[in-house]
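The primary structure of each chain is shown beneath.
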Amino acid sequence: MTERSAPSVPSWQRREAAFTFCPRDGTKLVPTRIDGRDRPACPVCGFADFFHVQIGANTIVERGGQVLLVRLNYGPRDGHWSLPGGLVEADETLEQAAIRETKEETNFAVSLDGLLATWTRRGLPLLVVIYRAHIVSGDLRVAPDEASEGRFFPREELPPLDELAWPSTAHGLDAWRAYEPPRP
Ligand SMILES: [Zn+2]
């Protein structure tokens, strides 16, 4: 018996989450030199697979100098604290997604006060955008299928790093702590 070694994967396909087939018409993509790199590209419609990411939209909801976190109750981050937020749908803007997710997860209707921070990590197909926000209406009521509780934390009493759900949560909280409103 001969042992078959795993077929080697060409470097242009190795990148995480690269497409093998055209997402528009299903044609098998072929390496094509574009902008100095071999990229999977569709010989039929011209689609080229650049780095494509999912986008997460989060909010820093501040009230009385405190920031709102929700405690997740599912998945690998069960019991960890997260900013309200979630993935952006194709038929909404980043801002709409941030507002929608915050409402779904906390029952607060919020208004955004501008972009606070973005988070990416090389090789990971995710971009997280974090907006500052304030409450317009509603009482805190977390979505029971997503979180066990929600709580406002003062700057000096944030949960420790190992109790935060995601690197982007820590990044957003760091940016919040460092944020100084523009002076009039
Ligand atoms: Zn195509």
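Only a predicted model underlies this, so the values are computations on that prediction, with no experimental measurement involved.

Turning to the coordination of the zinc ion, a few remarks are in order. Bound to the zinc ion on the protein side are Cys22 (SG), Asp25 (OD), Asp25 (OD), Cys42 (SG) and Cys45 (SG), at distances that span 2.1 to 2.7 Å. Between consecutive donor residues of the zinc ion, the sequence gaps follow C-x2-D-x16-C-x2-C. Using a relative accessible area of 33% as the deciding quantity, one classes Cys45 as partly exposed.

To continue, consider helix α3 (residues 167-178). Spanning 12 residues, α3 covers 17 Å between terminal C-alpha atoms, matching the ideal 16 Å at 1.5 Å per step. Burial in α3 covers these residues: Ser168, Thr169, Ala170, Gly172, Leu173, Ala175 and Trp176. Contacts made by the buried residues of α3 are with β3 (54-63), β4 (66-72), β5 (81-82), β7 (109-120), β8 (126-137) and β9 (147-154).

What follows deals with the nonpolar core. Judged by nonpolar contacts, the single largest core of 17 residues is most densely connected at Ile60, Val67, Leu116, Ile130, Leu173 and Trp176. Those elements giving two or more residues to this core turn out to be β4, β7, β8 and α3. If we skip the residues at most four places from it in the chain, Leu116 touches Ile60, Ile130, Tyr131, Arg132, Gly172, Ala175, Trp176 and Tyr179. Ala98, Leu112, Val129 and Phe152 belong to the second largest nonpolar core, which has 12 residues in total.

So, on to the domain arrangement of the protein chain. Domain annotation of the protein chain identifies domain 1 (13-41) and domain 2 (54-178). Inter-centroid distance (C-alpha atoms) of domain 1 to domain 2 is 33 Å.

Once that is clear, we can look at the packing of aromatic side chains. One pair of aromatic rings is described through two measures. These are the centre distance and the angle between the planes. Applying the stated criterion to the full structure yields three aromatic pairs. Both rings, one in Trp81 and one in Phe153, keep their centres 4.9 Å apart while their planes meet at 80 degrees; by these two values the pair is edge-to-face. A residue pair is termed long-range when its members are at least 10 positions apart, and Trp81 in strand β5 and Phe153 in strand β9 qualify at 72 residues. Side by side, Trp81 and Phe153 carry an identical accessibility label, which is buried. Geometry around Phe21 places Lys28 over its ring, the cationic atom sitting 5.5 Å from the centre. Over the face of the ring belonging to Phe50 we find Arg39, whose NZ or CZ atom lies 4.1 Å from the ring centre.

One pass over the full model with this rule turns up nine salt bridges. Note that Asp174 and Arg177 form a salt bridge whose closest N and O atoms lie 2.7 Å from each other. On the criterion of helical spacing, the pair formed by Asp174 and Arg177 is a turn pair, its members being three residues apart in helix α3. Under the relative-accessibility criterion, Asp174 is labelled partly exposed at 42%. If you follow the salt bridges from partner to partner, you end up with Glu92, Arg100, Glu101 and Glu104 in one network.

Let's shift gears to the environment of Ala175. Locating Ala175 in the fold gives a position in helix α3. Separated by 45 residues in the primary sequence, Ala175 and Ile130 place their C-alpha atoms 9.3 Å from one another. When residues no more than four places from it in sequence are discounted, the contact partners of Ala175 are Leu116 and Ala117.

Reading the values: rules and limits
Residues numbered from 1 in each chain as written. Predicted model: local features only at pLDDT ≥ 70, side-chain atom pairs only at ≥ 80, totals over all residues. Heavy atoms only, no water. Donors = N, O, S within 2.8 Å, 3.2 Å for Na, K, Ca; no water. Buried < 20%, exposed > 50% of the residue type's maximum accessible area, 1.4 Å probe, protein only. Helix = DSSP H or I, 4+ residues; strand = E, 2+ residues; numbered from the N terminus. Expected span 1.5 Å × (residues − 1). Contact = heavy atoms within 4.5 Å. Core = buried A, V, L, I, M, F, W, Y, C linked by side-chain atoms within 4.5 Å. Domains from an automatic or database assignment. Phe/Tyr/Trp six-rings, centres within 6.5 Å; stacked < 30°, edge-to-face > 60°. Lys NZ or Arg CZ within 6 Å of the ring centre and 35° of its normal. Salt bridge = Lys/Arg side-chain N within 4 Å of Asp/Glu carboxyl O.

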